[in-house]
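Examining the three-dimensional arrangement
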Amino acid sequence: MLEKRSAKFHRVEKGQTLADIAAYYSTSVYLLVKENGLKCPIFVGQVLIVPKERGNLYVVKEGDTKTLLCGSAERYEKLNGKSFYIGMRVLLQ
């Protein structure tokens with residue numbers, strides 16, 4: 001049986017950033033970029049697909065590792081991409 005996917009959409013408003021939108025929907029910037037195939041900055045009025053996969057957002061702290069946060073580096077990179085730095089908001093799941 002096929003999985004039903006109910007997509008959510010978001011229209012970008014003045015002053016919004018990808019980080020703002022990702023935080024609002026409890027997703028990661030990486031997944032927003034990936035889901036929408038973004039290669040340039042977002043613009044006012046642009047309609048974005050909100051990724052289905054959501055979870056808890058966490059701010060990376062000193063001593064954290066990809067494996068510690070998500071169980072494995074591979075799982076982390078699936079949710080957040082390869083970037084990893086202190087202060088980055090990442091999706092945990």
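Residues numbered from 1 in each chain as written. Predicted model: local features only at pLDDT ≥ 70, side-chain atom pairs only at ≥ 80, totals over all residues. Heavy atoms only, no water.

On to the environment of Lys14. Tracing the backbone shows Lys14 in the loop between β1 (8-11) and α1 (18-24). A C-alpha to C-alpha distance of 5.6 Å links Lys14 and Val44, two positions 30 residues apart in sequence. (Helix = DSSP H or I, 4+ residues; strand = E, 2+ residues; numbered from the N terminus.)

A word on the side chain of Thr27. For Thr27, the location among the structural elements is in the loop between α1 and α2 (29-36). When sequence neighbours within four positions are dropped, the list of residues in contact with Thr27 reads Ala22, Leu32, Pro51, Glu53, Arg54, Leu57 and Leu91. (Contact = heavy atoms within 4.5 Å.)

Tallying each qualifying case throughout the model produces two salt bridges. The shortest N-O distance in the salt bridge between Lys66 and Glu77 comes to 2.8 Å. Here the residue Lys66 occupies a position in helix α3 (residues 66-70), and Glu77 occupies one in helix α4 (residues 73-80), the gap between them amounting to eleven residues. A salt bridge links Glu77 to Lys82; the shortest N-O distance between them is 3.6 Å. Glu77 gets classed as partly exposed once you look at its relative accessible area, which sits at 24%. Given the relative accessible area of 66%, Lys82 is considered exposed. By sharing partners, the salt bridges in this structure join Lys66, Glu77 and Lys82 into a single network. (Salt bridge = Lys/Arg side-chain N within 4 Å of Asp/Glu carboxyl O. Buried < 20%, exposed > 50% of the residue type's maximum accessible area, 1.4 Å probe, protein only.)

In this section: the environment of Thr65. The topology assignment puts Thr65 in the loop between β3 (56-59) and α3. Residue Thr65 is classed as partly exposed on the basis of its relative accessible area, which comes to 38%. Residues Thr65 and Phe84 lie 19 residues apart in sequence; the distance between their C-alpha atoms is 8.4 Å. Polar side-chain contacts of Thr65 include one of 2.9 Å to the backbone nitrogen of Leu68. (Polar contact = N/O pair within 3.5 Å; in protein donor to acceptor, adjacent residues only side chain to side chain.)

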